[in-house]
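Fold and contact review
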Amino acid sequence: MHKQTEWVQIGKNRDPETGAVSFPVYHSTVYQHPGAGESTGFDYARTKNPTRSVLEEAIARLERGVAGFACSSGMAAIQTAMGLFSQGDHLIVSLDLYGGTYRLFEEVLSRYGLSFSYVDFQDPKAVERAATSRTKGIFIETPTNPLMQVTDLSKICHIARKNGWISLVDNTFMTPYFQQPLLLGADVVIHSATKYLGGHNDVLAGLIVTGERDLAEKVASLHNGIGAVLGPQDSWLLIRGMKTLALRMEKHQENAGRIVQYLKQHPGVEEVFYPSLLPQSRKIQDVQASGYGGMLSFRVKKAEMVNPFLSSLQLISYAESLGGVESLLTHPATQTHAEIPEEIRKRVGVCDRLLRMSVGIEHPEDLIHDLAQALDRSLSNITRRG
Ligand SMILES: *Cc1c(COP(=O)(O)O)cnc(C)c1O
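Note that this is a predicted model, so its numbers are computed, not measured. (Residues numbered from 1 in each chain as written. Predicted model: local features only at pLDDT ≥ 70, side-chain atom pairs only at ≥ 80, totals over all residues. Heavy atoms only, no water.)

Further remarks concern the sheet that holds strand β11 (residues 328-330). Within the open sheet, the five strands sit side by side as β8-β9-β12-β11-β10. Their pairing is mixed. With one partner strand each, in any of the chains shown, β8 (269-273) and β10 (317-318) form the two edges of the open sheet. Strand direction decides the pairing type here: strand β9 (residues 295-300) and strand β12 (residues 354-358), joined by five bridges, are antiparallel. When the sheet's bridge partners are listed, methionine 295 is paired in β12 with serine 358. Where helix α10 (residues 245-264) meets the sheet, its contacts fall on β8, β9 and β12, and the angle it forms with β9 comes to roughly 10 degrees. (Pairing = 2+ DSSP bridges. Helix = DSSP H or I, 4+ residues; strand = E, 2+ residues; numbered from the N terminus. Contact = heavy atoms within 4.5 Å. Axes fitted to C-alpha atoms, helices over the stretch in contact; angles between N-to-C directions.)

This part takes up the layout of surface pockets. Taken as a whole, the largest pocket spans an internal volume of roughly 370 Å³. Elements with a contribution of two residues or more to the lining of the largest pocket: α3 (74-82), α4 (99-108) and β6 (188-192). In terms of residue count, α4 provides more of the lining of the largest pocket than any other element does, four residues in total. The residue makeup of the lining of the largest pocket includes at least three contributed by each of domain 1 (3-242) and domain 2 (246-385). Counted as a void, the second largest pocket has a volume near 250 Å³. Residue assignment for the lining of the second largest pocket shows that the elements contributing at least two residues are α2 (50-62), β1 (67-71) and α8 (213-226). (1 Å grid on protein atoms, 1.4 Å probe; cavity = no way out; pocket = protein on both sides within 12 Å on 5 of 7 lines; lining within 4 Å. Points joined across faces, edges and corners; volume = space filled by probe spheres on them. Domains from an automatic or database assignment.)

What follows deals with the pattern of salt bridges. Taken as a whole, this structure holds 14 salt bridges when the rule is applied. The shortest N-O distance in the salt bridge between arginine 282 and aspartate 286 comes to 3.6 Å. Placement of both arginine 282 and aspartate 286 in helix α11 (residues 279-288) is noted, with a separation of four residues, approximately one turn of the helix. Looking at arginine 282, the relative accessible area reads 38%, which means it is partly exposed. The network of salt bridges with shared partners includes Glu270, Glu271, Arg299 and Arg353. (Salt bridge = Lys/Arg side-chain N within 4 Å of Asp/Glu carboxyl O. Buried < 20%, exposed > 50% of the residue type's maximum accessible area, 1.4 Å probe, protein only.)

The sites that UniProt annotates as "modified residue: N6-(pyridoxal phosphate)lysine" (unreviewed entry) are Lys195. Relative to the helices and strands, lysine 195 is located in the loop between β6 and β7 (206-210). Ignoring sequence-local partners within four residues, the contact set of lysine 195 consists of Thr172, Ser321, Leu322 and Gly323. (UniProt positions renumbered as here; feature names shortened; annotations may be inferred.)

Read from one edge of the open sheet, seven strands run β1-β7-β6-β5-β4-β2-β3, paired in mixed fashion. The sheet terminates laterally at β1 and β3 (115-119), the two strands that pair on one side only. On average, each strand axis in the sheet is inclined to that of its neighbour by 20 degrees, with strand direction left out of account. Bridging between strand β2 (residues 90-94) and β3 involves five bridges; their strand directions are parallel.

Below, the discussion takes up the domain arrangement of the chain. You can read the domains of the chain as domain 1 (3-242) and domain 2 (246-385). Here the C-alpha centre of domain 2 lies 27 Å away from the C-alpha centre of domain 1. With 38 residues of domain 1 at the interface, the matching set in domain 2 holds 43 residues. Roughly 3400 Å² is buried in total at the junction of domain 1 and domain 2, and carbon and sulfur atoms are behind 61% of that figure. The largest per-residue losses of area from domain 1 upon contact with domain 2 belong to Leu147, Phe178 and Tyr196, which jointly make up 23% of the total buried on that side. For the side of domain 1 that touches domain 2, the secondary structure elements donating two or more residues are α1 (3-8), α4, α6 (153-163), α7 (175-178) and α9 (232-242). (Buried area = accessible area lost by both parts, 1.4 Å probe.)

The structure is reproduced here in structure tokens:
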């Protein structure tokens, strides 16, 4: 079956009693047992809910894993998966990381005795250098946010496996439509399903998928024990969003390609970041993924351009998320990456002139028109002053 078909069919033929094509929302938190020592498979909704199960089985299949777990947010998914580690454990983490993940690691989990080293996974030797006798896991985002640097998943997951570390990959940017990390050697995949999987900026959700039984049982116990699970209504909304993922990802990517070409030749833009632009990243991306996605960043020439540019946007929203049908633009240094200390931020390249765009599925000419007028206005602002 083609992947486009797989996504559309989520939840179909799962309610034979009624033949419902859209799987129903089960609000019941409790399920009656047919007899002593018997169960329908459901007993209490934190452990298992029928609507959530349809979603969980779908994401497990789409990521080519053995079990899926739906959580109340992407952060809840990361927190739940981090329950695989214990006091004293050390993890090696992508340097260029989602700000909220950095905050969870440094402000919360560090108090529970976990420690983290942030490395540039483009250099596999840096991973070996960061390893200690207490290293138990690696946490990867690829392409990185916001600089779109690509990590060679096979290579890094192989190092993890060789050392007996658990490898976790945050696959939010690519989705399993473009990239399936478990097939490349990862142990656990995590999503902020709030982004592309949901796709409509209207549901907060997270997902975990494990690649083998042993880890699946551990995560099932953590999921139930911690209890940060996704409610039935939100599970249903997420299923509905996922049915159109294939169409949306193709359009996000097509529009992003057009905008990259436009921005590259604009005199107000110094540099554009997209996984296909750096030859080294492109080579890896072409092997491990089937697309480049809908996220891009760019650096404007002067810091004074940023504010007039943002306030001149008319169609594109200045807002702090990604992956939805509407185009959004953020200023990472003051928004998504504000939690990351300035020194690390600058070392990574997230400077004050960097802007990140989540390209929506509008007509690309309308998006380019909006970028053009806002860039022209911000440029004339500095020349007038200058
Ligand atoms: C948004 C995001 C998260 C956090 O997910 P929430 O659903 O907002 O809790 C984690 N990782 C990445 C890459 C994200 O973009």
